[in-house]
Amino acid sequence: MSSSQFPHRRYNPLRRQWVLVSPHRTQRPWQGEVNPSSGFSNVHYDPNCYLCPGNQRAGGNRTPVYESVYIFDNDYAALLPDSPAPDPAPSPLLRAERERGRCKVICFHPDHSLTLARMEPAAIRTVVDTWAAEYAELSRNPELRYVQIFENRGAMMGASNPHPHCQIWATEHVPDEPALETESLRAYQAEHHRCLLCDYLKVEAEDKSRIVCENQDFLVIVPWWAVWPFETLVLSKRHIGSLAQFSDQEKTFLADILKQTTTRYDNLFQTSFPYTMGFHQTPTDGGPHDEWHFHAHYYPPLLRSATVRKFMVGFEMLGMPQRDITPEGAAERLRALPAQHFLDL
Ligand code: H2U
Ligand code: ZN
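Residues numbered from 1 in each chain as written. Chains lettered and ligands numbered in written order. Predicted model: local features only at pLDDT ≥ 70, side-chain atom pairs only at ≥ 80, totals over all residues. Heavy atoms only, no water.

Time to look at the site of ligand 1. Taken together, the neighbourhood of ligand 1 is formed by 15 residues, with Ala58, Asn74, Asp75, His165 and Gln167 sitting nearest. Separating an oxygen atom of ligand 1 from a backbone N or O atom of Ala58 is a distance of 2.7 Å. The side chain of Gln167 places a nitrogen or oxygen atom 2.8 Å from an oxygen atom of ligand 1. Alone, ligand 1 offers 470 Å² of accessible surface; in the complex the protein occludes 88% of this. Considering only residue class, the shell around ligand 1 consists of six nonpolar, seven polar and two charged. (Near = heavy atom within 4 Å. Polar contact = N/O pair within 3.5 Å; in protein donor to acceptor, adjacent residues only side chain to side chain. Areas by Shrake-Rupley, 256 points an atom, 1.4 Å probe, with all protein chains shown as cover. Nonpolar A, V, L, I, M, F, W, Y, C, P; charged D, E, K, R; others polar.)

Among the secondary structure elements, Arg125 is positioned in helix α1 (residues 121–139). If sequence neighbours within four positions are ignored, Arg125 has contacts with Asp248, Lys251, Thr252 and Ala255. (Helix = DSSP H or I, 4+ residues; strand = E, 2+ residues; numbered from the N terminus. Contact = heavy atoms within 4.5 Å.)

This paragraph deals with the coordination of the zinc ion (ligand 2). Around the zinc ion (ligand 2), the donor atoms from the protein are Cys49 (SG), Cys52 (SG), His112 (ND1) and His163 (ND1), and they sit 2.0 to 2.3 Å away. Mapping the donors of the zinc ion (ligand 2) onto the primary sequence gives the spacing C-x2-C-x59-H-x50-H. Remark: His112 occurs in the loop between β4 (101–107) and α1 and Cys52 occurs in the loop between β2 (17–21) and β3 (70–73); sequence separation between them is 60 residues. Looking at Cys52, the relative accessible area reads 0%, which means it is buried. With a relative accessible area of 5%, His112 lands in the buried category. (Donors = N, O, S within 2.8 Å, 3.2 Å for Na, K, Ca; no water. Buried < 20%, exposed > 50% of the residue type's maximum accessible area, 1.4 Å probe, protein only.)

Let us look at the environment of Ala179. Following the sequence through the fold, Ala179 ends up in helix α2 (residues 176–192). Spatially, the C-alpha atom of Ala179 lies 27 Å from that of Ile71, the residues being 108 residues apart in sequence.

Before going further, it helps to spend a moment on the pattern of salt bridges. The final tally for this structure, using the stated rule, is 22 salt bridges. Where Arg186 meets Glu291, a salt bridge forms, and the shortest distance between an N and an O atom there is 3.5 Å. In this pair, Arg186 is assigned in helix α2 and Glu291 in the loop between β10 (275–280) and β11 (295–299), connecting sequence segments 105 residues apart. Taking the shortest distance from any N to any O, the salt bridge between Arg210 and Glu204 comes out at 2.9 Å. (Salt bridge = Lys/Arg side-chain N within 4 Å of Asp/Glu carboxyl O.)

Encoded structure:
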């Protein structure tokens, strides 16, 4: 039996965090929560959907009749462009800071029933172009130091609406996750005079056991340090920091790799696979940031089937994250799936 069949811990050099890997635990019985599976909608237009073309939104604004992608300012924005500074803190232990920002919603497509996995490559390319344009525009605002593009997919991940969409939150401070990654990437570059993720890409390309899929410009792996059962990391093969530096070809291949990844996810449990995904890229604080290497994280909650999810509770909240199936086992399962969507087979 290989040592990877015994409990051990693995290190995540990006987040400077350990994960406990307990492969033998997949045998344990489950009498806990069973979620409804997130099926596919065949409703192309839902008169009650805020994001379908021509409909009234909850905030009173109307979504226009749009043909491809539609962007609007979030009617319930978590950040405002003109928040004032908070009152001086009565104690250094009660610290607060002003946080100004912008929140936007991007509808990927007018068709309510679609997801990225089910969209045409050309339509996904239009979404990529929109992300690149929004990143570029928001990065020109000197008050905004980070542009977080993310998608919550599926009710299990808290998406408020099945209509294909994502969000952008742009903030005055670099949020904790990308700030931590920035520190790790910088420290590695200072020590080794190379990029941490370029080096990691080489290791994974040679090892091959955690590769899910790839194309000319991107590699998708279940990272060595994955916490979520089927977590993946999408890495650009070139050392580029952000969507603003993408070539035309890289934009097309990003669209392709996102479709490949989400298709395999749907095929795994033959369901509309829920996840949170987002891009980590160069902070927009005006620094040079040669250390930054563009990537996307997919954090999907499902563990055993379309209805049984992983819970991040107990030891994971009080101690450290833990996983049952090995990253190699998860990658093998995803890799073995057809690249074509099961609904199209
Ligand atoms: P999520 O599905 O990831 O929650 O994204 C939907 C966003 O859309 C959410 O942030 C916004 C919510 O505030 N929204 C509007 O701006 N207007 C609406 O009429 C409904 C939802
Ligand atoms: Zn809709």
